[in-house]
Amino acid sequence: MEEVKMSVITKEQVTRKPFMDKKNYPYGFARSGDFSINESKLLQAHGSLFAALVDGKITPENDEEQAYLESALGHREPATPQEKAWLKYQARINRPKTASIYGSKRAAEEDVDDEGDMSDNSDLDIDLDN
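Attention in this report is confined to the structure presented alongside it.

Quick notes on the rules
- Residues numbered from 1 in each chain as written.
- Predicted model: local features only at pLDDT ≥ 70, side-chain atom pairs only at ≥ 80, totals over all residues.
- Heavy atoms only, no water.
- Helix = DSSP H or I, 4+ residues; strand = E, 2+ residues; numbered from the N terminus.
- Buried < 20%, exposed > 50% of the residue type's maximum accessible area, 1.4 Å probe, protein only.
- Contact = heavy atoms within 4.5 Å.
- Areas by Shrake-Rupley, 256 points an atom, 1.4 Å probe, with all protein chains shown as cover.
- 1 Å grid on protein atoms, 1.4 Å probe; cavity = no way out; pocket = protein on both sides within 12 Å on 5 of 7 lines; lining within 4 Å.
- Points joined across faces, edges and corners; volume = space filled by probe spheres on them.
- Nonpolar A, V, L, I, M, F, W, Y, C, P; charged D, E, K, R; others polar.

## Some points on the overall build of the protein
If you tally the helices and strands in the protein, you get five helices and zero strands. Along its sequence from the N terminus, the protein presents helices and strands in the succession α-α-α-α-α. Out of the 130 residues belonging to the protein, those deemed buried represent 23%. Within the protein, contacts between residues at least 6 apart in sequence are counted, and of these 53% link residues at least 24 apart. Total accessible area on the protein is roughly 10,700 Å²; 51% of this is exposed by carbon and sulfur atoms.

## Describing the layout of surface pockets
Gaps left between atoms show up when a probe the size of a water molecule is rolled over them. Of the voids in this model, the largest pocket is the one considered here, and its volume is about 250 Å³. Forming the walls of the largest pocket are twelve residues, and the residues nearest its centre are Gln 13, Val 14, Phe 19, Ser 48 and Lys 57. At the level of elements, helix H1 (11-15) and helix H2 (37-55) are the ones that each hand at least two residues to the lining of the largest pocket. Here the element with the most residues in the lining of the largest pocket is H2; it accounts for four residues. The residue inventory of the lining of the largest pocket, partitioned by class, reads seven nonpolar, two polar and three charged.

In structure tokens form, the structure reads like this:
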């Protein structure tokens, strides 16, 4: 009888490909405006490892990976640039969504409140008969 081997994901398989989030960042982290160039590079290099650790697909193999997991889960403050970039990424993708694609009423009222601005010329009378 043939033995069926269970598929086990290794750290090397997880970290081989650069981390990407096509749903939230279809054009990449660097082009989003949310992250610095360095943060974008850190997310691409280490994001797959963080995601696999948080999702439980792999278990931490050393103290560094254990520290990554604790930081990602909020059990301790981020200490490394990779941890800070990951938490910034999490904060960005988990931020509250706006209620309307047209903006809020409050934002529209703020735009109208520009008494000293000369760009609105609706109250100027121009005599063109001269």
